[in-house]
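For reference, the chains in residue letters:
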Amino acid sequence: MRIRIDLRQLECFVAVAEEGTFRAAAERLHMSQPPLSRQIKQLESELGVTLLNRDSAGAELTTAGSEFLKGARKTLLQAAKAVETARRHSKGTPRQLKVGYTKVFDPEVFPSLEPAFKKAVPDGALVFVAAISVELIRRLQRGALDVALIGLPSTTGELVVEPLHKEPLVAVIPARHPLARHKVLSIAQLNDQPLFWPQRRTNPGFFDHYEEVFAKLGHAPSRRLTEPADHHLLLAEVANGRGIGFIPKSMTKVRRAGATFRPLKEREFWIGFGLAYRNAQHSSELDALLRIARRKTALLPPGME
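Residues numbered from 1 in each chain as written. Predicted model: local features only at pLDDT ≥ 70, side-chain atom pairs only at ≥ 80, totals over all residues. Heavy atoms only, no water.

(A) Representation of the pairing of strand 10 (residues 259-262) within the structure. Neither face of strand 10 is left uncovered, since the one carrying A259 and F261 and the one carrying T260 and R262 both have all their residues buried. In this sheet, strand 10 lies alongside strand 6 (residues 160-174) in antiparallel orientation, the contact comprising four bridges. Bridged to I173 within strand 10 is T260. (Buried < 20%, exposed > 50% of the residue type's maximum accessible area, 1.4 Å probe, protein only. Helix = DSSP H or I, 4+ residues; strand = E, 2+ residues; numbered from the N terminus. Pairing = 2+ DSSP bridges.)

Set out below in structure tokens:
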């Protein structure tokens, strides 16, 4: 029996399986929902099995779908590796590394790697992609990226993660809030306030971290707001008086009228950054980039760790 399946169908299926809804998967793949749905139906028709159960809440994997997902991910990764291998052996093609990075950090904390990389690999090139950490991790897992600077803690599966930097989180509060009179705040003072909280679905690592820190300190916020994915939007929401949020200390350089920052007494509340990559044989380009990143991180000024 000959089965005809293309990589686009696999990519669509994996996106729906990971996102849980056709709408979110369509946004991730930059396409509309009808053609996405058609790709999945064609795939199921070719296989002769139902991979997803659809309902008004979204899409859930069947038993067959769960098993097929494992092979689909491996196939996409192998295809990405094959393309990369072919490009590397093509004469005149620059030796590129696809580097992802999370936007939730101050670039001064992690200096530019490009000049040092160009010196170490004269015929190399870095191609940068910005996204939230969860999306970067997914792209790494399916071979769409070679390495990524992600926020920590994060749920990374079998990826290798090298922690590079750690800094405290600070509270960002409305400038006219009564708590703005305090120079330093504690978690206890914030417990009954409306707090912007990470979403489990889009940021499981940070969600678990927030939950663990508050539980360890004996607190459980009763008024949680959905945290915007972009820190500029978070500052805008705080400035408008909707609630209180948390951002890395280095990001306090970004000012917003109506919002102010206060350090926290608790040292347990922090954010980290690290390089994530697949646990496989490294290319010489990736090894060079990792060495540069380690060296530059070791030179961070005192007080940034």
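(B) Looking closely at the pairing of strand 1 (residues 52-55). Inspection of the sheet shows strand 1 paired to strand 2 (residues 58-61) by four bridges, in the antiparallel sense. For D55, the partnering residue across the bridge sits in strand 2 and is G58. Taking the residues that link successive antiparallel strands as the turn, the strand 1-strand 2 hairpin has two residues.

(C) View of the UniProt feature "domain: HTH lysR-type" (unreviewed entry) in the protein chain. In the UniProt entry, the feature "domain: HTH lysR-type" (unreviewed entry) is given for residues 5-62. Regarding residues 5-62, the helix share stands at 62% and the strand share at 14%, and the terminal C-alpha atoms are separated by 19 Å. (UniProt positions renumbered as here; feature names shortened; annotations may be inferred.)

(D) The domain arrangement of the protein chain, seen in detail. As far as domains go, the protein chain holds domain 1 (7-88), domain 2 (92-160 + 272-299) and domain 3 (165-271). Placing the centre of domain 2 and that of domain 3 at their C-alpha centroids yields a distance of 27 Å. Each partner contributes to the interface: domain 2 provides 16 residues, whereas domain 3 provides 18 residues. Of all residues in domain 2, V104, P153 and F273 give up the largest surface area on contact with domain 3, accounting jointly for 34% of the area buried on that side. The tally of links from domain 2 across to domain 3 stands at zero salt bridges. On the surface where domain 2 and domain 3 come into contact, there are one residue pair in polar contact (both at pLDDT 80 or more). (Domains from an automatic or database assignment. Contact = heavy atoms within 4.5 Å. Buried area = accessible area lost by both parts, 1.4 Å probe. Salt bridge = Lys/Arg side-chain N within 4 Å of Asp/Glu carboxyl O. Polar contact = N/O pair within 3.5 Å; in protein donor to acceptor, adjacent residues only side chain to side chain.)

(E) Inspection of the packing of aromatic side chains at higher detail. A complete count under the given rule lists nine aromatic pairs for this structure. Relative to Y210, the ring of W197 has its centre 5.2 Å away and its plane inclined at 90°; by these criteria the two rings are edge-to-face. Highlighted residues: W197 in strand 7 (residues 195-197) and Y210 in helix 8 (residues 204-216), separated in sequence by 13 residues. By relative accessible area, W197 is classed as buried at 3%. Taking NZ or CZ as reference, K166 lies 4.3 Å from the ring centre of W270, over its face. Over the ring of W197 we find R224; its NZ or CZ atom is 4.6 Å from the centre of that ring. (Phe/Tyr/Trp six-rings, centres within 6.5 Å; stacked < 30°, edge-to-face > 60°. Lys NZ or Arg CZ within 6 Å of the ring centre and 35° of its normal.)

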